[in-house]
Amino acid sequence: MSFLTLKNITKSFGPNTVVRDFDLNVASGEFVSFLGPSGCGKTTVLRMIAGFETPSSGSIHVGGMDVTALPASRRKIGMVFQAYALFPNMSVRDNVAFGLKIAGMPRAEIDTRVAEMLDLISLGSLADRYPYQMSGGQQQRVALARALAPRPNLLLLDEPLSALDAQIRTSLRDDIRRIQQELGITTVFVTHDQEEALSISDRVVVMHKGRADQIGTPAQIYNRPTTRFVADFVGKLNTFEARVESPQSIFFAGQNIHDPRHTDLTPGAPITVALRPEALSLRPRPGDDLSLPGRVLHSTFLGSVIRAQIDVAGQQVSVDMFNRADATLPVAGDMAEVWFTRGDVLVLPSVM
Amino acid sequence: MSRRFPLLSTLIALAGAAFFIVPLIATFNFSLRMKRGELSFEAYRSVFDSDVFLGVLGFSATASLMAILMGVLIVVPTAYWVRLRVPRARPVIEFLSLMPLIIPPVVLVFGYVRLYGSSSILPLTMTEAGTNVLLVIGYVVLSVPYMYRAVDNGMAAIDIATLTEAAESLGASRLRTIVFVIFPNIRSAIVSGAFLTFSISLGEFVITSLLNRPAFGPYLVQMGQDFAYQPAALAIMAFAFTWICMVLMEAFATRKPGQRLLQWRAPRSVTKAKS
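In this text, all values refer to a predicted model and were calculated from it rather than measured experimentally. (Residues numbered from 1 in each chain as written. Chains lettered and ligands numbered in written order. Predicted model: local features only at pLDDT ≥ 70, side-chain atom pairs only at ≥ 80, totals over all residues. Heavy atoms only, no water.)

Below, the discussion takes up helix α4 (residues 136–148) of chain A. Between its terminal C-alpha atoms α4 of chain A stretches 18 Å, which fits the 18 Å expected from 13 residues at 1.5 Å a residue. Each element contacted by the buried residues of α4 of chain A is listed here: β6 (77–80), α2 (92–102), α3 (107–120), β7 (154–158) and α5 (166–183) of chain A together with α7 (160–169) of chain B. (Helix = DSSP H or I, 4+ residues; strand = E, 2+ residues; numbered from the N terminus. Expected span 1.5 Å × (residues − 1). Contact = heavy atoms within 4.5 Å.)

The structure is reproduced here in C-alpha cells:
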C-alpha cells in the first residue's frame, strides 16, 4: 500500500524543465533516497513533496489525501535542511518545542515531548544551549528532533549530512536510520553521495536530468544497473567495448566469454560490458573462472584495500583487493592475470 | 623580536584626534564659563529651565519615534519580501534606498511644499497635523538609507529563506514566521536602524525649518543667533546623546541570544564548531 504517491510530476522554471514524468510510490515506514548529481532535480522533487514548490503538472498524495495544492504549513511534514536552519534566537529546547507550540499543544505535554525527543538524539544535557554554541553535528541532531517532535506524516531530509565532517557524517547517518526505524516514519532522503544512499535506504531512486533513471533496492542499483547513467554514477566501473558473438557468448578483451545470462542479444552487435574493481583479483579466488592477461602499471596501498592499475590489451583496468597480512603490493611492470567470475560481467544497457 | 616605536604614525593619529577633540574640549570649556570667573553648569541649567527647550525636544522626540515606527513598518516587510521572493531585484532596491543621500533635503522639502501646498488635491501643509505628517514622512525618507542597510544586513546574517521554510514545515503561517522567527533574529539590526533614525531626525534642520515646525534643530540654530553660552551647552549635550545612541547600538548589535544586554564578566568561552 502506497503512503506517499507522486504521479506524473513535471516541474518547469520558465523554459527549464527540471523534473519530468516523475512517478514514485513510497510505502508507509519506508526509507527512500533520491540519489543524483547536482542539478538532477532531486531537491526540487523533495521541495514539491514539502510544499515549497508547486508541480507544473501531476499530483502528490500523502496517506490517500491529495496535497498538491496544500501549503507547506498544513502538510504535517518534518524537514531537515543541509544548513541546519535552527532558529538562532531560540535555545535547543525552544527550537524543538516550536512546532508543538504552533500546534497549540499544552505546556506540560510540550515539556514531556521535548524531553523525549532530546533523549532520542542523546542531547538532553544541552537543552539550554543556543545553536551558535554547538557543533554542526549537534545542530543537525537538534534539527532532526525539531522536525520529528510534532509527529509528522513524512520526514524529508535535504542533504542533511553534506555540511558535516566524515566521522560525524557516518555516525549521524546511522542515528538517522536507527531513529527512522524506531519511529517507523516514512522518510525521503536527498543526497549526492552514493555511499550514503546505498547504506541507509530501503530503496534508492537514481535521478538523472529530471527523471528517475532507476528505482530499486541498494543491491539492485549497484549490482544490476538498468541504464548506462546508473552504472556510471553508482560505483566505479571498468568498461570494455565488446561484441556479441553468438546468443550465448560475447567477445571482449581478446577473449570469447560464454555468458548464459544474456541470451537476448543479437549476434554481431557492438555492446559495452563492465567489471567492478572489487570483482577483480590478481590471484584466482575460489569460483574465479575467467582471467585476462595484463601488466601492472602501478599500485596503491589504501589500508583496507590494495588498488592496482593493470594494463589489459592497451586498456587501463582498476583492481581492488582486500588487504591481508600476507598480501604483497603488486610491482609495477610485472605481468599479471586479472581474475573474475562470469557472473560479475555486467552487460551495460545501450540506453543512456 | 622588537619593533621600533611607530613615531610618524602615532603623530599623524594624534594630529587627527586633536582635529576632532580640541574644538570639542574648547566648546565644553566655553559652555562652563557662563558665570564670570568660575566654572559652572549654569548654561546647562538655564537651557533646562527653558520651557521652549523641553517643548521642542518633546516635539522632536515624538516626531523621531513616529519616523522610526513608520520606517520599520515600511522597510522590514520590504527587505524580507525582496530577499525571499525577488532576490534579483535587491541591487535595484538597494540603489533606490540610497536616493535620499543623493537628493538634498532642501530639494525634497521644496518638492513637498509644491506637491502638498494650498493648490494640491492633498493640501497637507494647510493644517498643523498635515504638516507634522509631512515632517515625519520627510524624516522617514532621510533615514531610509540607514534603516534599509541595517535591516538588510541583519537579514543577510541569517538565512531568511531557509528559516522561513523551516518554520513553515513546522506548521507556522507566514505571519507567525515573521513574528516568532524573523523579527527576533533581526531585532538588533532594527534597533541599530532605529537609533540612527533617531539621531538623524532629532537634530534635523532643513526640512523642519522649511516646514516651520517647532523642533530641536531650528531651536538650536535660533539659540546660536541669540545667545553665547547656551548653544555650546546644547552642542555638547547633542554630542553626548549621539554617543549614547552609538554605545546602545553597539550593545544591541553584538548581543548573542541568551546573553544579558550588558555582560560585565568575560563571556564564557564557547567553542563554536565551524561547518
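Glancing now at the sheet that holds strand β12 (residues 249–252) of chain A. All names here are of chain A. Sheet architecture is open: five strands sit in the order β13-β12-β11-β14-β19, paired in antiparallel fashion. With one partner strand each, in any of the chains shown, β13 (255–258) and β19 (346–348) form the two edges of the open sheet. Neighbour-to-neighbour, the strand axes of the sheet open up by a mean angle of 40°, direction not taken into account. The pairing of strand β11 (residues 238–246) with β12 spans four bridges and is antiparallel. Bridged to Ser 246 within β12 is Ser 249. (Pairing = 2+ DSSP bridges. Axes fitted to C-alpha atoms, helices over the stretch in contact; angles between N-to-C directions.)

So, on to the interface of chain B and chain A. Taken residue by residue, the interface counts 26 residues in chain B and 28 residues in chain A. Between chain B and chain A the total buried area reaches about 2,400 Å² when both faces are included, carbon and sulfur atoms providing 63% of it. Remark: the boundary between chain B and chain A carries one salt bridge. The shortest N-O distance in the salt bridge between Glu 165 of chain B and Arg 47 of chain A comes to 2.6 Å. Counting across the chain B and chain A interface gives three residue pairs in polar contact (both at pLDDT 80 or more). (Buried area = accessible area lost by both parts, 1.4 Å probe. Salt bridge = Lys/Arg side-chain N within 4 Å of Asp/Glu carboxyl O. Polar contact = N/O pair within 3.5 Å; in protein donor to acceptor, adjacent residues only side chain to side chain.)

Side chains of a nonpolar character, in soluble globular proteins, are inclined to be buried together. Residue and element names in this part refer to chain A. If you look at the biggest cluster of nonpolar residues, it comprises 68 residues, and the most contacted ones within it are Phe 22 and Phe 34. Other than its neighbours up to four places away in sequence, Phe 34 contacts Phe 22, Leu 24, Lys 42, Val 45, Leu 46, Ile 49, Val 188, Phe 189, Val 190, Thr 191, Val 205 and Met 207. Grouped together as the second largest cluster of nonpolar side chains are 36 residues, Tyr 84, Leu 100, Ile 110 and Ile 121 included. (Core = buried A, V, L, I, M, F, W, Y, C linked by side-chain atoms within 4.5 Å. Buried < 20%, exposed > 50% of the residue type's maximum accessible area, 1.4 Å probe, protein only.)

All right, on to the confidence of the model for chain B then. Residues shown with low pLDDT carry predicted positions that ought not to be read at fine detail. Summary statistics for chain B give a mean pLDDT of 86 and a share of 92% for residues scoring 70 or more. Taken as a whole, residues 262–275 of chain B scores under 50 in pLDDT and shows 12 contacts with residues more than four places along the chain or in a different chain. (pLDDT = per-residue confidence, 0-100.)

Once that is clear, we can look at the pattern of salt bridges. A pair can form between side chains of opposite charge whenever their charged atoms are brought close. Summed over the entire model, instances satisfying the criterion amount to 24 salt bridges over all chains. In this structure, Asp 289 of chain A and Arg 342 of chain A form a salt bridge, with 3.2 Å as the shortest nitrogen-oxygen distance. Within this pair, whereas Asp 289 of chain A is found in the loop between β14 (270–275) and β15 (290–301), its partner Arg 342 of chain A is found in the loop between β18 (335–340) and β19, the two being separated by 53 residues in sequence. Of the residues examined, Arg 342 of chain A reaches a relative accessible area of 26% and is grouped as partly exposed. A salt bridge links Asp 152 of chain B to Arg 90 of chain B; the nearest nitrogen and oxygen atoms lie 2.7 Å apart. A residue pair is termed long-range when its members are at least 10 positions apart, and Asp 152 of chain B in helix α6 (residues 128–157) and Arg 90 of chain B in helix α4 (residues 90–102) qualify at 62 residues.

This paragraph deals with the environment of Ala 157 of chain B. Along the polypeptide, Ala 157 of chain B turns up in helix α6. Ala 157 of chain B sits 32 residues away from Ala 189 of chain B along the chain, and the two C-alpha atoms are 9.9 Å apart.

All names here are of chain A. The phi dihedral of Lys 76 falls on the positive side, at around 55°, and the residue is not glycine. Although it is not a glycine, Lys 209 sits at a positive phi angle of roughly 50°. Within the fold, Lys 209 resides in the loop between β9 (203–208) and β10 (211–216). Take Lys 209: its relative accessible area is 60%, and that puts it in the exposed class.

Often, the extent of an interface is quoted as the loss of accessible area on bringing the components together. All names here are of chain A. Taken domain by domain, chain A holds domain 1 (2–233) and domain 2 (238–348). Taken over C-alpha atoms, the centre of domain 1 sits 39 Å from the centre of domain 2. Listed per partner, the contact involves six residues of domain 1 and seven residues of domain 2. Between domain 1 and domain 2, a total of about 630 Å² is buried, with carbon and sulfur atoms accounting for 43% of that surface. For domain 1, the biggest contributors to the area lost against domain 2 are Tyr 222, Arg 224 and Arg 228; these three give 69% of the whole. Taken together, domain 1 and domain 2 are joined by zero salt bridges. Put simply, domain 1 and domain 2 have two residue pairs in polar contact (both at pLDDT 80 or more) between them. (Domains from an automatic or database assignment.)

This part covers the sheet that holds strand β2 (residues 16–27) of chain A. Residues and elements named next belong to chain A. Ordered by their spatial adjacency, four strands build an open sheet running β2-β1-β4-β5, and the pairing between neighbours is antiparallel. Each edge of the open sheet is held by one strand with a lone partner, namely β2 and β5 (65–66). One ladder, built from two bridges, connects strand β4 (residues 57–62) with β5; its direction is antiparallel. Among the inter-strand pairings, His 61 is bridged to a residue of β5, identified as Asp 66. Against the sheet, helix α1 (residues 42–50) touches β1 (2–13), β2 and β4, its axis set at about 120° to β1.

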